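# Fold and contact review
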Amino acid sequence: MNNSIAGFSKFTKEEKINWIANEYFTNPQEAIAIIKQYWNSNEAVQKLHDEFIENTISNFYLPMGIAPNFLVNGKYYTIPMVIEESSVVAAAAKSAKFWSTRGGFKATVLSSEKIGQVHFIYKGEFEKLEIFFKTIKTKFYSETESITKNMQKRGGGILDIELRNKTTELENYYQLHATFETKDSMGANFINSCLEQFAKTLVEEAQSFEPFSEEEKGIQVVMSILSNYVPNCIVRAEVSCKVEELAEKKIENPDEFAAKFVQAVKIAEIEPYRAVTHNKGIMNGIDAVVLASGNDFRAVEAGVHAYASRKGKYSSLSHAKIENGIFTFWMEIPLALGTVGGLTSLHPLVKMALEILGKPSAHELMQLVAVTGLAQNFAALRSLTTTGIQEGHMKMHINNILNQFQTSDEERVIIKKHFENNTISHAAVVAFIENLRK
Ligand code: MEV
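Residues numbered from 1 in each chain as written. Predicted model: local features only at pLDDT ≥ 70, side-chain atom pairs only at ≥ 80, totals over all residues. Heavy atoms only, no water.

### Observations concerning the overall build of the chain
- Counting its secondary structure elements, the chain contains 16 helices and 10 strands.
- With the C-alpha coordinates of the chain rotated into their principal frame, the extents come out at 90 × 70 × 40 Å.
- Residue burial in the chain is summarised as follows: out of 438 residues, 45% are buried.
- Here the analysis covers contacts within the chain between residues at least 6 apart in sequence; of these, 70% occur between residues at least 24 apart.
- For the chain, the exposed area adds up to about 22,700 Å²; of that, 53% sits on carbon and sulfur atoms.
- Computed over 46 positive and 51 negative side-chain charges, the inter-centroid distance for the chain is 5 Å. (Helix = DSSP H or I, 4+ residues; strand = E, 2+ residues; numbered from the N terminus. Buried < 20%, exposed > 50% of the residue type's maximum accessible area, 1.4 Å probe, protein only. Contact = heavy atoms within 4.5 Å. Areas by Shrake-Rupley, 256 points an atom, 1.4 Å probe, with all protein chains shown as cover. Lys, Arg positive; Asp, Glu negative; His and termini not counted. Charge placed at Lys NZ, Arg CZ, Asp CG, Glu CD.)

Structure representation (structure tokens):
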């Protein structure tokens, strides 16, 4: 079957759906019904979602959950989380509760600098390029004034612009490496607009810079784009308490628990196979709040994992120690987030999420996101080093299995009762359901 199509983007929404349904489904009417089942009955809401992207045919729901009782810097927060994985919200809430009686989370923004680069090719003497750069540097600022004016009023703007010589790694390759402060906005549009103007200024000024030869005047800009690697936009989240205070129902021997926990973190620090999974657990929390707050989780993911490899080997984002009887667990991660602009004022649920979080500044959001990541990591390591992960995971996952088998309310009661005292596995639940239905 040839499924290619010309002019798809020009089709109406109805035509697009019909094409998909007829092309890929043996029962097109059923497919159309499923697609439409997820439309919003409020036309304005549906239009909003249709226009977020191109070729929209439906909405793809993800659950939005709530993790309460996060005590952060002495104040209680309720964290909205958007995630499909069962047990993540429950784990965050459990961790939050646990730490709320042990001093809560401490979070601090250590830096908030964003980065953007103009990547260009220059064929000539570096010394001349350096003189050229110094001569025209003020023009980069003056010619972006119309873009930076508002940002400056909010206390942000261009922090610095450097010329970087990258020719030892790639022939004739140089950069304008610029740093920015974007306050409460994530800043992608602001940074990219500045960079594109820098690129224009660079090319135009080179053409009339007399010390340059004809070849040197022909600077070629390859691209101008922000970097999602933000190692100077860092937030620190931490929990700590006396080792003996770690005791609770499932932690009967806190000394043993703390030592094993620290060991588990150390393993993630030196072993990349473990570090990736360890950090994935952190990202369960981070992505869920990043999504709920309307931020770009792909940008955050890319930046965080680059940071986890900054020493040349992929490693744990979090760290733990026991010193003088005090257990401390912390993490420093790069997070470029915004609480204004983008989806934050467009998506009604994002607006709600930000309200629930107390209309945070970008710095506060960075703290809350990092704290949720740390809470998630604590919950995962606590389970892994005590009962194992499957107990909690399967308890939550059992609902997915019950839904898959469309179990009735009566069946659910019987099944859940049985698995209160029996080990839950996919196979065991399926076998039990089948047996029940015989
Ligand atoms: C599952 O989504 C996340 C964990 O694998 C994290 C971890 O192993 O630390 C439980």
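### What about the packing of helix α10 (residues 272-292) against helix α13 (residues 362-385)?
- It is the contact of α10 with α13, at a shortest axis distance of 7 Å, that shows an interaxial angle of 135°. Here α10 lies oblique to α13, going by the angle between them. In this structure, α10 meets α13 at a crossing whose hand is right-handed. On the side of α10, the interface is formed by Arg-274, His-278, Gly-281, Ile-282, Asn-284, Gly-285, Ile-286, Val-289 and Val-290, while α13 contributes Val-369, Thr-372, Gly-373, Gln-376, Asn-377, Leu-381 and Leu-384. (Axes fitted to C-alpha atoms, helices over the stretch in contact; angles between N-to-C directions. Parallel < 35°, antiparallel > 145°, perpendicular 65-115°, else oblique. Left-handed = near helix turned anticlockwise from the far one by under 90°.)

### Examining the packing of aromatic side chains
- By the definition in use, this model includes 27 aromatic pairs.
- Both rings, one in Tyr-122 and one in Tyr-174, keep their centres 5.6 Å apart while their planes meet at 75°; by these two values the pair is edge-to-face. One end of the pair, Tyr-122, is in the loop between β4 (114-121) and α5 (126-142); the other, Tyr-174, is in strand β6 (residues 173-181), and 52 residues separate them in sequence. By the burial criterion, Tyr-122 is buried, and Tyr-174 matches it.
- Arranged with centres 5.7 Å apart and planes meeting at 55°, the rings of Phe-257 and Phe-261 form a pair that is tilted. (Phe/Tyr/Trp six-rings, centres within 6.5 Å; stacked < 30°, edge-to-face > 60°.)

### Focus: the environment of Asn-55
- Relative to the helices and strands, Asn-55 resides in the loop between α3 (43-50) and β1 (64-72).
- The class for Asn-55 is partly exposed, based on a relative accessible area of 33%.
- For the pair Asn-55 and Thr-12, spaced 43 residues apart in the sequence, the C-alpha separation amounts to 8.9 Å.
- When near neighbours in sequence (up to four residues on either side) are disregarded, Asn-55 contacts Phe-8, Ser-9 and Lys-16.
- A polar atom in the side chain of Asn-55 sits 3.3 Å from the side chain of Lys-16. (Polar contact = N/O pair within 3.5 Å; in protein donor to acceptor, adjacent residues only side chain to side chain.)

### Here's the deal with the side chain of Gln-197
- Looking at where Gln-197 falls in the secondary structure, it is placed in helix α7 (residues 188-207).
- When neighbours within four sequence positions are excluded, Gln-197 is seen to be in contact with Glu-143, Thr-144 and Ile-147.

### A look at the sheet that holds β6
- Here four strands make up an open sheet; going across it, the order is β5-β6-β4-β7 and the pairing antiparallel. Where the open sheet ends on each side, the last strands, each with one partner, are β5 (157-165) and β7 (220-227). Strand-to-strand twist of the sheet, defined as the mean angle between neighbouring strand axes without regard to direction, takes the value 15°.
- Pairing of β5 with β6, which is carried by eight bridges, proceeds in the antiparallel orientation. The residue of β6 that forms the bridge with Leu-163 is Leu-176.
- Most of the contacts of α5 go to β5, to which it runs at about 170°, and overall it touches β4, β5 and β6.
- Packed on one face of the sheet, α7 meets β4, β5, β6 and β7 and runs near 160° to β7. (Pairing = 2+ DSSP bridges.)

### Some remarks on the environment of Leu-368
- Note that Leu-368 resides in helix α13.
- Residue Leu-368 is classed as buried on the basis of its relative accessible area, which comes to 1%.
- Sequence separation between Leu-368 and Thr-108 is 260 residues; the distance between their C-alpha atoms is 9.9 Å.
- The contacts of Leu-368, once residues within four sequence positions are left out, are Val-72, Tyr-77, Ile-79 and Leu-357.

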